[in-house]
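Residue strings, one per chain:
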Amino acid sequence: MSFSSCYSHSPLVYNKDIKLCRTVGQEKPNFPFSIRSNGVDLCTRRVSRSRAGLSGDWSFIGGSKIVIKPKATTSFRNSKRSQIHASWFVGSQLASTVFTWGTIAVLPYYTLMVFAPKSELTKKSMESNLPYVILGVLYAYLLFLSWTPETVRLIFASKYLLPELSSIGKMFSSELTLASAWIHLLVVDLFAARHIFRDGRENQIETRHSVSFCLFFCPIGILTHVITKAMTKITRTESHGL
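Now for a quick tour of the structure. (Residues numbered from 1 in each chain as written. Predicted model: local features only at pLDDT ≥ 70, side-chain atom pairs only at ≥ 80, totals over all residues. Heavy atoms only, no water.)

## Focus: the nonpolar core
At step 1: Ranked by internal contacts, the top residues of the largest apolar core, which has 24 residues, are V106, Y110, M113, I183 and V211.
At step 2: Those elements giving two or more residues to this core turn out to be helix 2 (79-115), helix 4 (130-146), helix 7 (175-203) and helix 8 (208-216).
At step 3: Broken down by element, this core gets its largest block of residues, 10 residues, from helix 7.
At step 4: Excluding residues that lie within four positions of it along the chain, M113 makes contacts with T122, M126, L190, A193, R194, F197, R208 and V211. (Core = buried A, V, L, I, M, F, W, Y, C linked by side-chain atoms within 4.5 Å. Buried < 20%, exposed > 50% of the residue type's maximum accessible area, 1.4 Å probe, protein only. Helix = DSSP H or I, 4+ residues; strand = E, 2+ residues; numbered from the N terminus. Contact = heavy atoms within 4.5 Å.)

Structure, rendered in C-alpha cells:
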C-alpha cells in the first residue's frame, strides 16, 4: 500500500475520505501539502503494529512526492495459550508412554512365574527388588506432576474427611493422575503375585492360575490362592490319613 501527494503554492487541502488520527505510531502527522487517498483509514488501530518507511522526492515541475511503504506487519502469538497447549500435549504423551512401558515392564516377571516356575532365572528374578524401585520412582514422579492444590480437596471432599466417588472421578479425569494410578496398581499386583509365587514354592502349591489373575484382577488372584492353598491342605491331610 502506498500514499502519494503533490503540492505547489496552493493551500493545504486533503480529501474527506481519509481519516487522520492524532498520532500515527508515535509521531504526529504534519504534512504541509495536499493528500489524496481512496478512503484509507490511517488510524493508529490499523497501523500501530506496522512500521512505515518514508521516501521523498522533490522537483520544480512535479512538486513534492511522499511515498509511505509500510513494512510487513509483525504477527504476535498468544504465548500463554501456546504454553497451555504444549503443556497439555507433553502431559498426555507422557501419560500414554508411561502406561505402555509400565505394562510391558512387568510382563516378563509374570511370564517367568507362569511358564517357568521352577527355573533358576525365575527364582533370582523373584528375589530382586529392582522392578519395585524403578516403578516406585516413576510413580512418585507422575504423582508430583499430577498433584494440584485441588487434589487434597477432592480426596477429602465429604464433611467427614472421607473420599467421595464423584470427587475421585474428577481427580482421575487427568491422564497423568490416571497413569500414576495404573503404575500404582502394577506395583501392588506384581508384589502380590510374587508373594503368591513364593508361598507356592515353599508349600508345594500350584500358583500359575493365581499369578495369572494377579496381572489384571489381583484380588481374585489372592482369593484363588487362598482357596487353592486350603484345598491342597485338605487333600494332603486326607491322603496322610489313608
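That covers the picture; the talk isn't over yet.
## Topic: the pattern of salt bridges
At step 1: Enumeration according to the criterion identifies three salt bridges in this entry.
At step 2: For E150, the salt bridge identified is with R153, shortest N-O distance 2.6 Å. Taken together, the residues span about one helical turn, with E150 and R153 both in helix 5 (residues 149-155) at a distance of three residues.
At step 3: Residue classification places E150 among the partly exposed positions, given a relative accessible area of 41%.
At step 4: As a salt-bridge pair, R208 and E206 come within 2.7 Å of each other at their nearest N and O atoms.
At step 5: On the basis of relative accessible area, R208 is assigned to the partly exposed category, the value being 39%. (Salt bridge = Lys/Arg side-chain N within 4 Å of Asp/Glu carboxyl O.)

## Quick notes on unusual backbone geometry
At step 1: Of note, the phi angle at Q204 is positive, near 55°, even though the residue is not glycine.
At step 2: Mapping Q204 onto the fold places it in the loop between helix 7 and helix 8.

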